[in-house]
Amino acid sequence: MRRLRAARGLSQEALALECGINRTYLSGVERSERNVSIDNIARIAKGLGVEAWKLLRDE
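Residues numbered from 1 in each chain as written. Predicted model: local features only at pLDDT ≥ 70, side-chain atom pairs only at ≥ 80, totals over all residues. Heavy atoms only, no water.

**Some thoughts on the packing of helix α2 (residues 12-19) against helix α4 (residues 38-48)**
Interaxial distance between α2 and α4 falls to 8 Å at its minimum, and their mutual angle equals 115°. The pairing of α2 with α4 is recorded here as roughly perpendicular in orientation. The crossing of α2 and α4 is right-handed. Residues Leu15, Glu18 and Cys19 of α2 form the contact with α4, whose participating residues are Arg43, Ile44, Gly47 and Leu48. Here the contact of α2 with α4 is composed, by residue class, of 4 nonpolar, 1 polar and 2 charged. (Axes fitted to C-alpha atoms, helices over the stretch in contact; angles between N-to-C directions. Helix = DSSP H or I, 4+ residues; strand = E, 2+ residues; numbered from the N terminus. Parallel < 35°, antiparallel > 145°, perpendicular 65-115°, else oblique. Left-handed = near helix turned anticlockwise from the far one by under 90°. Contact = heavy atoms within 4.5 Å. Nonpolar A, V, L, I, M, F, W, Y, C, P; charged D, E, K, R; others polar.)

Here's what the structure looks like:
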């Protein structure tokens, strides 16, 4: 997620606003400190302009 966000030139705050998610929550998800629901995965994927499954790959 971090690589996709950086590649699009988005800050955590900008992505959080785009997704309608709290910035601190998004930061925790990005650092794998929080569990994320499938609904929020879909919201983040939409904000990044990618399909949700791309966020689930282990790379």
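Next, the rest of the story.
**A few points about α2**
Those residues of α2 that fall on the buried side of the exposure criterion are Gln12, Leu15, Ala16 and Cys19. Viewed along the axis of α2, the buried residues span an arc of 100°, placing them on a single side of the element. Exposed positions of α2 whose direction lies more than 90 degrees from the buried face are Glu13, Leu17 and Glu18. Residues of α2 that are buried make contact with α1 (2-7), α3 (23-30) and α4. Positive phi appears at Gly20, one or two residues downstream of α2, with a value of about 75°. (Buried < 20%, exposed > 50% of the residue type's maximum accessible area, 1.4 Å probe, protein only. Arc of directions from axis to C-beta.)

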